[in-house]
Amino acid sequence: MTSVSRTADSTDPAPELRQRWAVTVAEARGKKNPTTTDPAPYADNLLSRWREPQRRYHTVDHLAAVLYRIDELAEHADDLSAVQLAAWFHDAVYRPDRSENEERSAALAERALPELGIGAARTAEVARLVRLTVTHDPAPDDPDGEVLCDADLAVLAGSPDEYAAYAAAVRDEYAFVPDPDFLAGRSAVLSQLLSLPRLFHTPRGYDRWEHLARRNLATELDLLRGA
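Computed from a predicted model, the values in this text were never measured in an experiment.

**Student:** I'd like a rundown of the packing of aromatic side chains, residues and numbers included.
**Tutor:** Per the stated rule, a full pass over the model turns up seven aromatic pairs. Connected via pairs of aromatic rings, a cluster forms that spans Trp21, Trp88 and Phe89. One Lys or Arg, Arg55, reaches over the ring of Trp50 and ends 5.2 Å from the middle of that ring. One Lys or Arg, Arg171, reaches over the ring of Phe182 and ends 4.2 Å from the middle of that ring.

Dropping the structure here:
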């Protein structure tokens, strides 16, 4: 697997993300694939989606963060290229007032990936992984699903300041929702997460993030209940 290193002083992740995208597409195509479709316009299209003005948390920075977490969990994946492509597409369609975002994101992948010369089986796997982010509940025999879901939820295990920034960004995305309704809905989401036997399914993800994530979720829930 070819990786692209993250530069410590980078402020705009887009140039690095474009490079990562080109590497991932090349690996997903395979060495014997004759397709010459330029992947760059697809990267630009996806990045423009991740920059839409309604986004506050589901932004280019979130995409970059998920890809870096996948790097950390890479040894657990069976088809790393599929997981990386799923990260690009998993919130490519995002409207906070709609419930079909994951399905529409998966459908986008199903249209775009064949145009890039990516085979039917891997395309189907990417779409399946995108749809899995509805529940973040992979089966025990689904290592690729475990890697994607763990990477997507790793934000829950940030420092107190990082978690507070994440929670504030989520609230900003739902600014159109009145406070009482948001408090009820967010509390239900947090309670559901805390009721899960485990939030993280890969061994590394569980060891590194489970305790911190549960602490952050419980703290936010306590704050919401006291609001």
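From this point, things continue past the structure.
**Student:** So, the nonpolar core: which residues are in play, and what are the values?
**Tutor:** Counting residues in hydrophobic clusters, the biggest one holds 65 residues, and the most contacted among them are Trp21, Ile70, Trp88 and Phe89. Looking at this core element by element, the count peaks at eight residues for helix H4 (residues 80–89). If sequence neighbours within four positions are ignored, Ile70 has contacts with Leu80, Val83, Gln84, Ala87, Val147, Leu148 and Ala151.

**Student:** Just give me the short version of the side chain of Ser187, but keep the residues and values in it.
**Tutor:** With respect to the element layout, Ser187 can be found in helix H9 (residues 179–195). Ser187 gets classed as buried once you look at its relative accessible area, which sits at 17%. With sequence-adjacent residues up to four places away left out, Ser187 is seen in contact with Phe182, Leu221 and Leu224.

**Student:** Any details on the packing of helix H1 (residues 14–29) against helix H2 (residues 40–50)? Residues and values, ideally.
**Tutor:** At a minimum axis separation of 10 Å, H1 and H2 run at an interaxial angle of 135°. Compared by their axis directions, H1 and H2 come out oblique. Once H1 is placed against H2, the crossing between them reads as right-handed. Facing Ala14, Leu17, Arg18 and Trp21 of H1, the residues of H2 in contact are Tyr42, Ala43, Asp44, Leu46 and Leu47.

**Student:** Quick rundown of the confidence of the model for the chain? Include the residues and the values.
**Tutor:** For the chain, the mean per-residue pLDDT works out to 94, and 95% of the residues sit at or above 70. Every residue in residues 1–9 scores below 50 in pLDDT, and together they form 13 contacts with partners more than four places removed in sequence or on other chains.

**Student:** Just give me the short version of the layout of surface pockets, but keep the residues and values in it.
**Tutor:** Here the largest pocket defines a volume of roughly 900 Å³. Forming the walls of the largest pocket are 32 residues, and the residues nearest its centre are His58, Glu102, His136, Tyr174 and Val189. Elements with a contribution of two residues or more to the lining of the largest pocket: helix H5 (101–115), helix H7 (143–153), helix H8 (160–173) and H9. Of the residues belonging to the lining of the largest pocket, the class tally is 15 nonpolar, 10 polar and seven charged.

**Student:** Can you tell me about helix H10 (residues 203–225), naming the residues and giving the values?
**Tutor:** Taking 1.5 Å of rise per residue, 23 residues should cover 33 Å, and H10 covers 32 Å from first to last C-alpha, within 8% of that figure. Here H10 has its buried residues at Gly205, Trp209, Glu210, Ala213, Asn216, Leu217, Glu220, Leu221 and Leu224. Buried residues along H10 sit in contact with helix H3 (60–72), H7, H8 and H9.

**Student:** Lay out the pattern of salt bridges in plain terms, naming residues and giving numbers.
**Tutor:** The full count for this structure, using the stated rule, is 15 salt bridges. Where Glu75 meets Arg204, a salt bridge forms, and the shortest distance between an N and an O atom there is 3.5 Å. On the criterion of sequence distance, the pair formed by Glu75 in the loop between H3 and H4 and Arg204 in helix H10 is long-range, its members being 129 residues apart. Arg204 sits in the partly exposed class, given a relative accessible area of 37%. Taken together, the shared-partner salt bridges in this structure form one network comprising Arg69, Glu72 and Arg208.

**Student:** Residues and numbers for H3, please.
**Tutor:** Look at H3: 19 Å from first C-alpha to last across 13 residues, which is about the 18 Å you get at 1.5 Å a residue. Within H3, the full set of buried residues consists of Val60, His62, Leu63, Ala64, Val66, Leu67, Tyr68 and Ile70. Against the buried residues of H3 lie H1, H2, H4 and H7.

**Student:** So what's going on with the environment of Pro114? Residues and values would help.
**Tutor:** Here Pro114 lies in helix H5. Residue classification places Pro114 among the partly exposed positions, given a relative accessible area of 43%. Between the C-alpha atom of Pro114 and that of Arg29, which follows or precedes it by 85 residues, the distance is 9.7 Å. Residues contacting Pro114, with those up to four places away along its chain left out, are Ala109 and Thr123.

Scoring rules and cut-offs
- Residues numbered from 1 in each chain as written.
- Predicted model: local features only at pLDDT ≥ 70, side-chain atom pairs only at ≥ 80, totals over all residues.
- Heavy atoms only, no water.
- Phe/Tyr/Trp six-rings, centres within 6.5 Å; stacked < 30°, edge-to-face > 60°.
- Lys NZ or Arg CZ within 6 Å of the ring centre and 35° of its normal.
- Core = buried A, V, L, I, M, F, W, Y, C linked by side-chain atoms within 4.5 Å.
- Buried < 20%, exposed > 50% of the residue type's maximum accessible area, 1.4 Å probe, protein only.
- Helix = DSSP H or I, 4+ residues; strand = E, 2+ residues; numbered from the N terminus.
- Contact = heavy atoms within 4.5 Å.
- Axes fitted to C-alpha atoms, helices over the stretch in contact; angles between N-to-C directions.
- Parallel < 35°, antiparallel > 145°, perpendicular 65-115°, else oblique.
- Left-handed = near helix turned anticlockwise from the far one by under 90°.
- pLDDT = per-residue confidence, 0-100.
- 1 Å grid on protein atoms, 1.4 Å probe; cavity = no way out; pocket = protein on both sides within 12 Å on 5 of 7 lines; lining within 4 Å.
- Points joined across faces, edges and corners; volume = space filled by probe spheres on them.
- Nonpolar A, V, L, I, M, F, W, Y, C, P; charged D, E, K, R; others polar.
- Expected span 1.5 Å × (residues − 1).
- Salt bridge = Lys/Arg side-chain N within 4 Å of Asp/Glu carboxyl O.

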